[in-house]
Amino acid sequence: MKSQIVVVVLAVIGVLASAFTAYRVVVHSMSDQIVVSCRPDSGRSYCVYHRTTSGLGATEYEIHVGIAPNRGLFYRVPYPAGDVAATWNPDTDLLTITMPGTELTIAEAEYRDR
């Protein structure tokens, strides 16, 4: 009897895990992503991307910095794309991401892909 209960509990956990994974895949595929800014003088096209993902109870916002939307630095931010701006300083190689009330400054060594 105990072994049947254990099997049922494990089966329920497996079904819930599969359902959650399927939900995350669907939500991620339905996310919106835009290019905020690209570094103008780079040999490789480094860009700042903003992704909006809607969930059950909340909307998530992420900023990606790198040569591709799915590669590089990832930051979760509380702001939609319209509230985010990025500027590249060619003299210092600093990237500054501006959001309401705050700025995030990133050195080239942090976002450079090796």
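Look above for the structure.
Residues numbered from 1 in each chain as written. Predicted model: local features only at pLDDT ≥ 70, side-chain atom pairs only at ≥ 80, totals over all residues. Heavy atoms only, no water.

Undergrad: Lay out the sheet that holds strand β7 (residues 102-106) in plain terms, naming residues and giving numbers.
TA: Strand order in this open sheet of three strands is β5-β6-β7, and the pairing throughout is antiparallel. Among the strands making up the open sheet, the edge pair consists of β5 (85-89) and β7. Averaged over neighbouring strand pairs, the angle between their axes works out to 20 degrees when direction is ignored. Pairing between strand β6 (residues 94-99) and β7: five bridges, direction antiparallel. Pairing of Met99 across the sheet is with Thr102, part of β7. (Pairing = 2+ DSSP bridges. Helix = DSSP H or I, 4+ residues; strand = E, 2+ residues; numbered from the N terminus. Axes fitted to C-alpha atoms, helices over the stretch in contact; angles between N-to-C directions.)

Undergrad: Before we move on, could you go through the sheet that holds strand β3 (residues 59-68) and cite the residues and values that matter?
TA: Ordered by their spatial adjacency, four strands build an open sheet running β1-β2-β3-β4, and the pairing between neighbours is antiparallel. Looking at strand neighbours, the two that pair on one side only are β1 (32-38) and β4 (71-77), the edges of this open sheet. Here the strands of the sheet are splayed against their neighbours by 25 degrees on average, with no regard to which way each runs. In the sheet, strand β2 (residues 47-54) pairs with β3 via eight bridges, with the strands oriented antiparallel. Of the residues in β3, the one forming a bridge with Ser54 is Thr59.

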